[in-house]
Amino acid sequence: MPFPPDFLWGAATSSYQIEGAVNEDGRGQSIWDTFSHTLGKVEHGDTGDVADDHYHRWADDVALMADLGLRAYRFSIAWPRLFPEGGTTLNERGLAFYDRLVDRLLERGIRPAATLFHWDLPQALQDRGGWVNRDTVEAFAHHANTCFEKLGDRVPIWITQNEPWVIAVLGYLRGIHAPGHENLQEMLDVSHHLLLSHGRAVQAYRSSGRNGQIGITLNLFATYPKTDTDADRAAVIGSDGYTNRRFLDPLFLGTYPDDTRAVFAAAGADALAAVRDGDLATIATPSDFLGVNYYNRRVVSASDEEFGWKVEPAADPGINTSDLGWEITPWGLYDLLTRLKRDYPPLPLYVTENGISLDDRIGPDGAVDDPRRIEYLRAHFEATERAIADGVDLRGYFVWSLLDNFEWAMGYGPRFGLVYVDYANDQRRIPKASAHWYADVIRSNGRG
Ligand code: IFM
């Protein structure tokens, strides 16, 4: 049986996507409060003001996790709950929420995996430049250190940053996520500061004397050429540098890739502008694991656009898609995991997110039947199993997501949850068929 006996089957969420209660217990404003309240930024004007109301329903939600038999739960700590002004004045009432949550998870035998930043930056820090400003790195180190001090005796798994590519590219280059900027140089400076903040948090963790595990989560793309031509194969290398290597290389090889730097230079920007002496060593401070978020493959072709390549839309009629139109390509996960093993020094891996958005509906019998989610997960578990059999050191798997939730600029339309949230009817939770199936998978350690 390839899944090791202590394999960590879990599910994941993030603070802004589920908590709501944005004005309670001294929480400060985050950039996603600002962004979602700006006309035209989020579908249907949706906001995270109430979200899944998890801030009030956390105890029931933990009971639900226990019913599913989850071995681990990945959640994020909202920085503006702990530090409403982004500085060093701790809001004890905000901390108390996570304190209770962690204790209850442990009581129910569920291992907490805490992410220190999943995009809800204190607005006060954004007002001073956000991640473009190097001071935000030190503010983050303080936030991280506080979390280690207050919760580190009970939280055994820490994730520093979630998806720096998304934060930098969607938030600072494409303008479709908070804070909504469109500036290539900012995107590069932000990418560097996010990596640096990871390194600073790992250093703080080591100094704290805690003996759990700490790592970063990257969204990585398995990338393929549209055609078998030299030009499209070169496009794969370009795209891989842009999405994957410019994060992986500094973290695990201690360098930024020269080829991506040249591409950005041709576009008039300097990928190393924000780099100072010692930064690369800080970023490469050894982690205990790498978290991998995987949803679908990426197909690219050569192009005159922007960086010399472009992403091809899902166009293969032989490949099914999610209801967001994302291709279902489980072999990409196998390729990605085995590639990490091949190209980078050995490091334990976790799949920290994987899942599918479907237009789930409550049936006449009151149940939510989602066979396509079961098929999606089954295929991805099988791909994972193959990767483990081929020597990949994978320690756990967190399905995205435990609950339907606020899907950023797309609002509440997409449903990624194992558990349906009936927003209009008192936030009723209905475990979908996939949740019951996943409970079997966990019980049988992968044989569901
Ligand atoms: O909902 C997001 C999550 O916040 C980060 N990773 C991708 C998910 C689905 O888009």
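Owing to the predicted nature of the structure, the values given are computational and were not obtained by experimental measurement.

The subject of this paragraph is the sheet that holds strand β6 (residues 223–225). Strand order in the open sheet formed by 3 strands is β6-β8-β9, and the pairing between neighbours is mixed. The open sheet is flanked by β6 and β9 (309–311), the only strands paired with a single partner. Ignoring which end each strand starts from, the neighbouring axes of this sheet average 35° apart. Direction of pairing for β6 relative to strand β8 (residues 298–302): parallel, over a ladder of 3 bridges.

Near the ligand the following residues occur: Gln 17, His 118, Trp 119, Asn 162, Glu 163, Tyr 295, Trp 326, Glu 353, Trp 400, Glu 407, Trp 408 and Phe 416. One of the side-chain nitrogen or oxygen atoms of Gln 17 is found 2.7 Å away from an oxygen atom of the ligand. Note that an oxygen atom of the ligand is positioned 3.3 Å from one of the side-chain N or O atoms of Trp 400. A breakdown of the residues in the shell around the ligand according to their chemical character gives 6 nonpolar, 3 polar and 3 charged.

Turning our eyes to something else, we now look at the nonpolar core. With 142 residues, the main nonpolar core has Trp 32, Trp 131, Trp 158, Met 187, Leu 290, Phe 381 and Tyr 438 as its most contacted residues. The greatest single-element share of this core, amounting to 11 residues, is contributed by helix α9 (residues 184–208). The residues touching Trp 32, leaving out its near neighbours within four places in the chain, are Tyr 16, Val 42, Trp 119, His 177, Ala 178, Phe 406, Trp 408 and Ala 409.

Counted by the stated rule, this structure contains 42 aromatic pairs. Between Trp 32 and Phe 406, the ring centres sit 6.2 Å apart and the planes meet at 80°, which makes this aromatic pair edge-to-face. Separated by 374 residues along the polypeptide, Trp 32 in helix α2 (residues 31–36) and Phe 406 in the loop between β11 (394–400) and β12 (419–422) bring together distant segments of the chain. On the accessibility criterion, Trp 32 (1% relative accessible area) is buried. A ring pair is formed by Tyr 242 and Phe 307, whose centres lie 5.1 Å apart and whose planes are at 40°; its orientation type is tilted. Placement of the pair is Tyr 242 in helix α10 (residues 230–252) and Phe 307 in the loop between β8 and β9, with a sequence separation of 65 residues. Residue classification places Phe 307 among the buried residues on the basis of a relative accessible area of 10%. In this arrangement the basic side chain of Arg 298 is found over the ring face of Phe 221, its NZ or CZ atom lying 4.3 Å from the centre. It is Arg 415 that lies over the ring of Tyr 420; its NZ or CZ is 4.0 Å from the centre.

All right, on to the pairing of strand β5 (residues 213–219) then. Of all the 7 residues making up β5, 6 are buried; the element is thus mostly covered by neighbouring parts of the structure. Pairing of strand β4 (residues 157–162) with β5 involves 4 bridges; the strand directions are parallel. Each residue of the ladder has a partner; that of Asn 162, found in β5, is Thr 217. Of the pairings in the sheet, the one linking β5 to strand β7 (residues 289–293) comprises 5 bridges and is parallel in character. When the bridges of β7 are listed, Ile 216 appears paired with Leu 290.

The 8 strands are arranged β1-β2-β3-β4-β5-β7-β10-β11 in a closed barrel whose pairing can be described as parallel. When the angles between neighbouring strand axes are averaged without regard to direction, this sheet yields 25°. When strand β1 (residues 8–12) meets β11, the two strands line up parallel, connected through 5 bridges. Each residue of the ladder has a partner; that of Leu 8, found in β11, is Gly 396. Along the sheet, α10 contacts β5 and β7; its crossing angle with β5, the most-contacted strand, is approximately 160°.

Rules of the game
Residues numbered from 1 in each chain as written. Predicted model: local features only at pLDDT ≥ 70, side-chain atom pairs only at ≥ 80, totals over all residues. Heavy atoms only, no water. Pairing = 2+ DSSP bridges. Helix = DSSP H or I, 4+ residues; strand = E, 2+ residues; numbered from the N terminus. Axes fitted to C-alpha atoms, helices over the stretch in contact; angles between N-to-C directions. Near = heavy atom within 4 Å. Polar contact = N/O pair within 3.5 Å; in protein donor to acceptor, adjacent residues only side chain to side chain. Nonpolar A, V, L, I, M, F, W, Y, C, P; charged D, E, K, R; others polar. Core = buried A, V, L, I, M, F, W, Y, C linked by side-chain atoms within 4.5 Å. Buried < 20%, exposed > 50% of the residue type's maximum accessible area, 1.4 Å probe, protein only. Contact = heavy atoms within 4.5 Å. Phe/Tyr/Trp six-rings, centres within 6.5 Å; stacked < 30°, edge-to-face > 60°. Lys NZ or Arg CZ within 6 Å of the ring centre and 35° of its normal.

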